[in-house]
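Residue-level listing of the chains:
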Amino acid sequence: MTDRLLLQAGILRAKAEATARDIPFVEWLRGVRIEDQATQRVIPMEPWPHLIARAESWQQGHSEDILKARQEGISWLEACLSIWTGRRPTTNVLLLSHTEREAYELLRKCRFVAENHATPVAFRRTSLGMLELQGGGTILALPSTPNAGRGFTATLVIADEAAFHEHAADNYRAYYPTIADGGQLITSSTSAGP
């Protein structure tokens, strides 16, 4: 191949990747596959009305606090938002959960969504607590400790099961400057009492 053809192929590939990154979140969800926990099979994500309502809001950059019940699909939707957001260059997603095990489980869901999407998302580098997306940003999963989130500038912060975070106030102070500068915060939790 000539240099000119290689250059044209590279330009076309870059345009296709940019177009794929610009797809609206709600539309991108159509290609999502999740894991059926009971059968451990890969299944399409159900477009339940409450999930589509959340997705439409999140797509517009709204921050939200969500009181959720178990098995509603919110954690899977958070994983989807993390991958969708993280596909863009220079984005950083911070996932906080009650314990390290729960934080890594949410990150595992992110990886599952990326690898099983109709148009899979590739990784530059992965570790137990971090995903770096090819051509995109970084997703970091941390337990809620006194210093979690400090020094990490996030585009999106997801605090899953936030009512159970022992250090939620410390975490909020650490990532608040990010939110104040136009970032997005999603907190969700089952009830921890009244």
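Computed from a prediction, not measured in an experiment: that's the story for all the values here.

**Q** Would you mind going over the overall build of the protein chain in detail, with residue names and values included?
**A** When helices and strands are tallied, the protein chain shows 6 helices and 9 strands. Of the contacts formed within the protein chain by residues at least 6 apart in sequence, a portion of 70% connects residues at least 24 apart.

**Q** Explain the nonpolar core residue by residue, including any values.
**A** Phe25, Ile83 and Leu95 are the most contacted members of the largest nonpolar core, which totals 36 residues. Breaking this core down by element, the ones donating at least two residues are α2 (25–28), α3 (49–59), α4 (74–86), β4 (92–97), α5 (100–116), β6 (130–133), β7 (138–143) and β8 (156–160). For this core, the element with the highest residue contribution is α4, accounting for 8 residues. Once residues lying within four places of it in the same chain are set aside, the contact partners of leucine 95 are Ser82, Leu106, Leu107, Cys110, Ile139, Leu140, Ala141, Leu142 and Ile158. By size, the runner-up hydrophobic cluster in this structure holds 13 residues, among which are Leu96, Ala148, Val157 and Tyr175.

**Q** Account for the environment of aspartate 160, naming residues and giving values.
**A** Tracing the backbone through its elements, the reader meets aspartate 160 in strand β8. The exposure class assigned to aspartate 160 is buried, which follows from its relative accessible area of 8%. As for aspartate 160 and isoleucine 186, which are separated by 26 residues in sequence, their C-alpha atoms are 8.0 Å apart. Discounting residues that sit within four places of it in the chain, aspartate 160 has contacts with Lys68, Ser75, Glu78, Leu96, Ser97, His98, Leu106, His165 and Ser188.

**Q** Outline the pairing of β6, supporting the account with residue identities and numerical values.
**A** What you see with β6 is no split at all: Met130 and Glu132 on one side and Leu131 and Leu133 on the other are buried throughout. In terms of strand pairing, strand β5 (residues 123–127) meets β6 through 4 bridges, oriented antiparallel. Residue pairing in the sheet places serine 127 in a bridge with methionine 130 of β6. Here β5 folds back onto β6 in antiparallel fashion, the turn holding 2 residues. In this sheet, β7 lies alongside β6 in antiparallel orientation, the contact comprising 3 bridges. Within the sheet, the bridge partner assigned to leucine 131 lies in β7 and is isoleucine 139. As consecutive antiparallel partners, β6 and β7 are separated by 4 residues, and within that stretch glycine 135 has a phi angle of approximately 75°, a positive value.

**Q** Describe in detail unusual backbone geometry, supporting the description with residues and values.
**A** You will see that glutamine 40, though not glycine, has its phi angle at about 60°, which is positive. Along the chain, glutamine 40 falls in the loop between β1 (33–36) and β2 (41–44). Positive phi is not limited to glycine here, since threonine 90 has a value of about 65°. Its location among the elements puts threonine 90 in the loop between α4 and β4. Given the relative accessible area of 74%, threonine 90 is considered exposed.

**Q** With reference to specific residues and values, describe the pattern of salt bridges.
**A** Side chains that differ in sign of charge can pair as their charged atoms come close. Counted according to the given criterion, the structure contains 8 salt bridges. Here arginine 108 ties to glutamate 105 by a salt bridge, and the two come within 2.9 Å at their closest N and O atoms. Taken together, the residues arginine 108 and glutamate 105, both in helix α5 and 3 residues apart, mark about one turn of the helix. According to the relative accessible area criterion, glutamate 105 is partly exposed, its value standing at 28%.

So, how was this worked out
- Residues numbered from 1 in each chain as written.
- Predicted model: local features only at pLDDT ≥ 70, side-chain atom pairs only at ≥ 80, totals over all residues.
- Heavy atoms only, no water.
- Helix = DSSP H or I, 4+ residues; strand = E, 2+ residues; numbered from the N terminus.
- Contact = heavy atoms within 4.5 Å.
- Core = buried A, V, L, I, M, F, W, Y, C linked by side-chain atoms within 4.5 Å.
- Buried < 20%, exposed > 50% of the residue type's maximum accessible area, 1.4 Å probe, protein only.
- Pairing = 2+ DSSP bridges.
- Salt bridge = Lys/Arg side-chain N within 4 Å of Asp/Glu carboxyl O.

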